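Reading the structure
Residues per chain are reported as follows:
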Amino acid sequence: LPSVFCLGDCELQTPCGIQKCTTDFVSLTSHLNSALEGFDLEFCKALRAYSACTYRNSKVCRGNLVYHSAVLGISDLMSQRNCSKDGPTSATNPALTHDPCNYSGHTEAREHAGGEKMTPPTYLFCGLFGDPHLRTFKDHFQTCKVEGAWPLIDNNYLSVQVTNVPVVSGSSATATNKITVIFKSYQDCTDQKVYQAVTDDLPAAFVDGTTSGGDGNTKSLRIVEKVGGKYVEMHAKYIGTTVYIRQLGHYLTLAIRMPQELVMAYEESQDLQLCVNGCPSSERIDDSGHLPLPVMGQLLPQGGAAPPQLVYTLETATTECHEKMLMKDIYFYSCVFDLLTTGDANFTAAAHSALQDLEALHPRKEHWHIFPSSGGVGKDSRFCVSLRLVCLILVVFF
């Protein structure tokens, strides 16, 4: 009885593989350029591989119209290109035809060549926002002064430099008003491309006016404008790197994800990289992650300087930041610190966006949130008020 039932359904147990034959053929020919020497040779090799695949599927596909169309199409193409039926064929493993300008395919290609399973590439994250707060590739969180121009990244593939200016008179805190990104020339994937953003000028193109790098449709490097004049993304697939730049208020933020092996590809003379080694100790505002309360006098007009937009108390700053960030991690406390330092509500949005960018780019969710160490900022909804602040209040009122 089972054999009777099998009469109509046996072929279903071995499905027609014409779709895979066609997919392999496309993979083998998609990178070929008809204008280049050797095109016909490689195309004919791919056609013979396609024909051999259809022959292997001839029995299970004999009632499939797509299969018969493919057989006729192969015959026509062989005639057009004067391909002989006998001869070498292309290997049908797509790993052999990886895109050299696509970093994600490099591991698979090396794995195939070596015959051994390789560990997937490790990606690292770095971010800069606020007054400014730096999250390094090692997931260390620091708050720094770093006034003027400083290199965030400087390796063999990418350079990123930021310029920071003082935020309020009398405070050592600064914020970023200029970012320069240099994608260095890489093989045939892209020429050197320079991107520059300054406050109120966040372009959707490189300085040469182009929006992508690479030949033809490759676009191994491209800029995508997400919010006009406020938020752009740069995707460099040839080095597996993504960069986000935003303007919030009068200042800029940056977030980047890059493969570890490329992050570490730099010379000894390039060791001053904030994303790699953090800020020099002389430039640190925080104390091992502990953010001190800003001195109250910093929020008062000095020497005719314009007053801040708002004057926040610990309670109002905590409340406003908690509305955007429910988890009281270092991003939350950075938000409170920035509001107390500047009185500028845009820094709340900057901290919140920095957290969103982290979640979009950081590869390891378990490392997203960093919490202050014991003795750091706040054990509840308020900061731990230090003895220095108590003394300052006494001075102010008495």
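Residues numbered from 1 in each chain as written. Predicted model: local features only at pLDDT ≥ 70, side-chain atom pairs only at ≥ 80, totals over all residues. Heavy atoms only, no water.

Side note on the pattern of salt bridges
Overall, the coordinates contain eight salt bridges when judged by the stated rule. Between Glu42 and Lys45 there is a salt bridge, with the nearest N and O atoms lying 3.5 Å from each other. Of this pair, Glu42 and Lys45 are both found in helix H3 (residues 39–56), three residues apart, which corresponds to roughly one turn of the helix. Note that Asp208 and Lys193 form a salt bridge whose closest N and O atoms lie 2.9 Å from each other. Of this pair, Asp208 sits in the loop between strand S7 (193–198) and strand S8 (212–213) while Lys193 sits in strand S7; the two residues are 15 residues apart in sequence, bridging distant segments of the chain. (Salt bridge = Lys/Arg side-chain N within 4 Å of Asp/Glu carboxyl O. Helix = DSSP H or I, 4+ residues; strand = E, 2+ residues; numbered from the N terminus.)

Brief notes about the confidence of the model for the protein chain
With 77% of its residues at a pLDDT of 70 or more, the protein chain shows a mean pLDDT of 81. The model gives residues 1–12 a pLDDT under 50, and that stretch makes three contacts with residues more than four places away or in other chains. When the criterion is pLDDT under 50, residues 295–308 qualifies, and its contacts beyond four places in sequence or with other chains add up to 20 contacts. (pLDDT = per-residue confidence, 0-100. Contact = heavy atoms within 4.5 Å.)

As for the packing of aromatic side chains
All chains considered together, the criterion is met by 13 aromatic pairs. Arranged with centres 5.4 Å apart and planes meeting at 35°, the rings of Tyr186 and Tyr238 form a pair that is tilted. Highlighted residues: Tyr186 in the loop between strand S6 (174–183) and S7 and Tyr238 in the loop between strand S10 (231–236) and strand S11 (241–248), separated in sequence by 52 residues. Overall, the relative accessible area of 1% leaves Tyr238 in the buried class. Among the aromatic residues, those joined into a ring-pair cluster are Phe25, Phe39, Phe43 and Tyr50. The cationic tip of Arg257 hangs over the ring face of Tyr123; the distance from NZ or CZ to the ring centre is 5.9 Å. (Phe/Tyr/Trp six-rings, centres within 6.5 Å; stacked < 30°, edge-to-face > 60°. Buried < 20%, exposed > 50% of the residue type's maximum accessible area, 1.4 Å probe, protein only. Lys NZ or Arg CZ within 6 Å of the ring centre and 35° of its normal.)

Topic: the side chain of Thr253
Summarising the element assignment, Thr253 is placed in strand S12 (residues 251–259). Taking relative accessible area as the criterion, Thr253 reaches 5% and is therefore assigned buried. Among all residues touching Thr253, those that are not within four sequence positions of it are Leu128, Phe129, Ile179, Tyr244, Ile245, Arg246, Leu248 and Ala350.

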